[in-house]
Amino acid sequence: MGRFLLLIACGLVAACEPVEPVSGADEPAHGELACRACHSGGVADIGLAAVPTAACTSSGCHATKIPATVELATARFEHRSHGSTEDLALGCAGCHTHTRGSEPLTASVDACALCHREAISGSNGEDCRTCHRNRSHEAETSQGARMTHASSAWTAGRCVRCHYDLAEPLPVVSTAACAACHEEPLAVTRAAIGADLHGWHAGKGCTACHEGQTHHIVAMSSAVVLNCADCHQGPHDLDLMHEPIGSETCNQCHGATHRAQQSFFLGLVADEDEAYPAPKFLDGLTCRSCHVPDGLAAERGPIGGSKVSCAGCHRPEYGVILDWWRGGAGQRVTSATNYWFEAREAMRRAGMPSGGQSLLLEAFAPIEYVREAGAAHNLVLAHELLEESVRRSEAVYDYLGLEAPAQPDLGRRPGRTTCSSCHYELGDTRFSEEMDEAFHRDVLGIRR
């Protein structure tokens, strides 16, 4: 018959001992009371009537025992006057509920959602921090990459980059809820059309009438949860666009596929809790932003990253930038790898002393990661990892007591405001020979 409400009070019983309310905990003192001790009205004996706030505060049970602040789920907030300054004054029974009889009181986030609907809609990542202040949890992407939220400073205010679709509470009231108290709910609702019914239901809980819409994640960014059918149209002679086969089934055999690419785009580095996401990810791009059909979709093969997508969002001139990124990254990978080979040869000539093999493996690991993941997925991180590989290779010579050869020139780091964010190839001479001044002024927003 619906959800019935009880206030967070002991009630109007002189013998009641003060009990400090704790959301969600068993409260035996309430269970020992008759329904009418707190509920009022003609149906109070079965616990359906409203609970006036005075039933809590004027009896002496909770007058001085109401906590100043409380925690509910992941939020900590001011409690004593919570909701009292809003247009719709909220009593204790608005949040604290029980089904009937001696069942313990609970405070549900469903009630929170009805008042704070805009804040939890997911439209602004900063709003998430109102409740989710402590990002202490760890999670895994669809391909098993570990994401540590606590030490990733970039997640503050950027929650919607991953959690981009959240369930938005709707202020829906069903006639079934009305039937819990009214013998003729349809007649009541017809008579109440256009009227504000909140005043008529003072002392009733929010979720006694409004349907509970638990706040939860509806969908995650494709950078975090891959959908195999987005790119793979026909493996195993199946049309994944129409067959009811989810990625969970694919992951039973291919669970680690694209883990490196996914991790690289999210900026996850082995043995580091901090993340260094790609600027494109922070701007809201997903895997499908760049992996788009380029006219070869009829071949039913996997959809790879295409420079068509660059021109689709930017200007046609941007279609060449992906080639510049790949070319420049390839040059740097080759330079870093050759420097590592020289260090390995020096270690071999020294007879591979104890600990030398582990140093070489540590120096080559960043190169291997960049090769597997694809530098274009996170050009900034790729450049930093290649620099780290060179530093580790140089440390091999220090370990051997030898003078290291000069480090290879890896060129300028890519960045949002530097020329190398596009012109990443080493020795690019377009700056002086082919630069279209009008085009670059327009791209950089220079109006002079």
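Predicted, not measured: the structure shown is a model, and the values here were computed from it.

1. Considerations on the overall build of the chain
When its secondary structure is counted, the chain shows 18 helices and eight strands. Across the 448 residues that make up the chain, the buried fraction comes to 35%. Once local pairs closer than 6 in sequence are excluded, the contacts in the chain between residues at least 24 apart make up 66%. Accessible area of the chain: about 25200 Å², with a carbon and sulfur share of 54%.

2. Quick notes on the pattern of salt bridges
Tallied over the entire structure, the rule returns eight salt bridges. Between Arg348 and Glu345 there is a salt bridge, with the nearest N and O atoms lying 2.4 Å from each other. On the criterion of helical spacing, the pair formed by Arg348 and Glu345 is a turn pair, its members being three residues apart in helix 14 (residues 321-349). Taking the relative accessible area as the measure of exposure, Arg348 reaches 53% and is therefore exposed. Overall, the relative accessible area of 30% leaves Glu345 in the partly exposed class. Taking the shortest distance from any N to any O, the salt bridge between Glu345 and Arg349 comes out at 3.9 Å. Of this pair, Glu345 and Arg349 are both found in helix 14, four residues apart, which corresponds to roughly one turn of the helix. What emerges from the salt-bridge pattern is a single network uniting Glu345, Arg348 and Arg349.

3. Regarding the packing of aromatic side chains
The relative placement of two aromatic rings is captured by the distance of their centres and the angle of their planes. Evaluated as defined, the whole model comprises four aromatic pairs. On the basis of an interplanar angle of 80 degrees and a centroid distance of 5.0 Å, the ring pair of Phe264 and Tyr369 is categorised as edge-to-face. Here the residue Phe264 occupies a position in helix 10 (residues 259-266), and Tyr369 occupies one in helix 15 (residues 356-373), the gap between them amounting to 105 residues. Both residues of the pair, Phe264 and Tyr369, count as buried.

4. Topic: the packing of helix 10 against helix 15
Across the interface, helix 10 lies against helix 15 with an axial gap of 8 Å and an inter-helix angle of 105 degrees. By the criterion of interaxial angle, the relationship of helix 10 to helix 15 is roughly perpendicular. Counting all contacts with helix 10, which are made through Ala260, Gln261, Ser263 and Phe264, the residues of helix 15 involved are Tyr369, Val370, Glu372 and Ala373. Tallied by class, residues from the contact of helix 10 with helix 15 come to five nonpolar, two polar and one charged.

5. Description of the packing of helix 14 against helix 16 (residues 379-400)
Taken N-terminus to C-terminus, the directions of helix 14 and helix 16 make an angle of 15 degrees; their axes are 9 Å apart at the nearest point. Between helix 14 and helix 16, the crossing angle belongs to the class labelled roughly parallel. The way helix 14 lies across helix 16 gives a crossing that is left-handed. Contacts between helix 14 and helix 16 involve Trp325, Arg332, Val333, Ala336, Tyr339, Trp340, Glu342, Ala343, Ala346 and Met347 from the former and Leu379, His383, Leu386, Val390, Ser393, Glu394, Val396, Tyr397, Tyr399 and Leu400 from the latter. Looking at the contact of helix 14 with helix 16, its residues break down into 15 nonpolar, two polar and three charged.

6. Digging into helix 15
Helix length check: helix 15, at 18 residues, gives a terminal C-alpha distance of 26 Å against a target of 26 Å (1.5 Å per residue), a fit within 8%. Of all the residues in helix 15, the buried ones are Gly356, Leu360, Ala363, Phe364, Pro366, Ile367, Tyr369, Val370 and Ala373. Buried residues along helix 15 sit against helix 10, helix 14 and helix 16. After helix 15 finishes, the residue Gly374 shows a positive phi value of roughly 90 degrees.

7. Comments concerning the pairing of strand 1 (residues 69-72)
Where burial is concerned, the two faces of strand 1 differ: the one with Val70 and Leu72 is buried and the one with Thr69 and Glu71 is not. Here strand 1 pairs with strand 2 (residues 75-78) via four bridges, running antiparallel. In the sheet register, Val70 faces strand 2, and the bridge partner there is Phe77. Joining the antiparallel neighbours strand 1 and strand 2 is a turn of two residues, in which Ala73 adopts a positive phi near 55 degrees.

8. Thoughts on the state of the cysteines
Inspection of every chain in the model, using the stated rule, returns zero disulfides. The thiol of Cys209 is unpaired, and the distance to the nearest cysteine sulfur, on Cys178, comes to 6.5 Å. On the basis of relative accessible area, Cys209 is assigned to the partly exposed category, the value being 24%.

9. Looking at unusual backbone geometry
The phi angle at Asp271 is positive, at roughly 65 degrees, despite the residue not being glycine. The residue Asp271 is located in the loop between helix 10 and helix 11 (279-282) in this model.

10. Observations concerning the environment of Thr334
Along the chain, Thr334 turns up in helix 14. You can call Thr334 partly exposed: its relative accessible area is 43%. For the pair formed by Thr334 and Leu386, sequence separation is 52 residues and the distance between their alpha carbons is 10.0 Å. In this structure the side chain of Thr334 is engaged in a polar contact, spanning 3.0 Å, whose partner is the backbone oxygen of Gly330.

11. A few points about the environment of Cys131
Checked against the element boundaries, Cys131 lands in the loop between helix 4 (125-128) and strand 5 (138-140). Exposure remark for Cys131: the relative accessible area of 28% places this residue in the partly exposed category. As for Cys131 and Ala73, which are separated by 58 residues in sequence, their C-alpha atoms are 8.3 Å apart. Not counting the four nearest positions on each side in its chain, Cys131 is found in contact with Thr74 and Ala75.

Here is what the cut-offs are and how they apply
Residues numbered from 1 in each chain as written. Predicted model: local features only at pLDDT ≥ 70, side-chain atom pairs only at ≥ 80, totals over all residues. Heavy atoms only, no water. Helix = DSSP H or I, 4+ residues; strand = E, 2+ residues; numbered from the N terminus. Buried < 20%, exposed > 50% of the residue type's maximum accessible area, 1.4 Å probe, protein only. Contact = heavy atoms within 4.5 Å. Areas by Shrake-Rupley, 256 points an atom, 1.4 Å probe, with all protein chains shown as cover. Salt bridge = Lys/Arg side-chain N within 4 Å of Asp/Glu carboxyl O. Phe/Tyr/Trp six-rings, centres within 6.5 Å; stacked < 30°, edge-to-face > 60°. Axes fitted to C-alpha atoms, helices over the stretch in contact; angles between N-to-C directions. Parallel < 35°, antiparallel > 145°, perpendicular 65-115°, else oblique. Nonpolar A, V, L, I, M, F, W, Y, C, P; charged D, E, K, R; others polar. Left-handed = near helix turned anticlockwise from the far one by under 90°. Expected span 1.5 Å × (residues − 1). Pairing = 2+ DSSP bridges. Disulfide = S-S within 2.5 Å. Polar contact = N/O pair within 3.5 Å; in protein donor to acceptor, adjacent residues only side chain to side chain.

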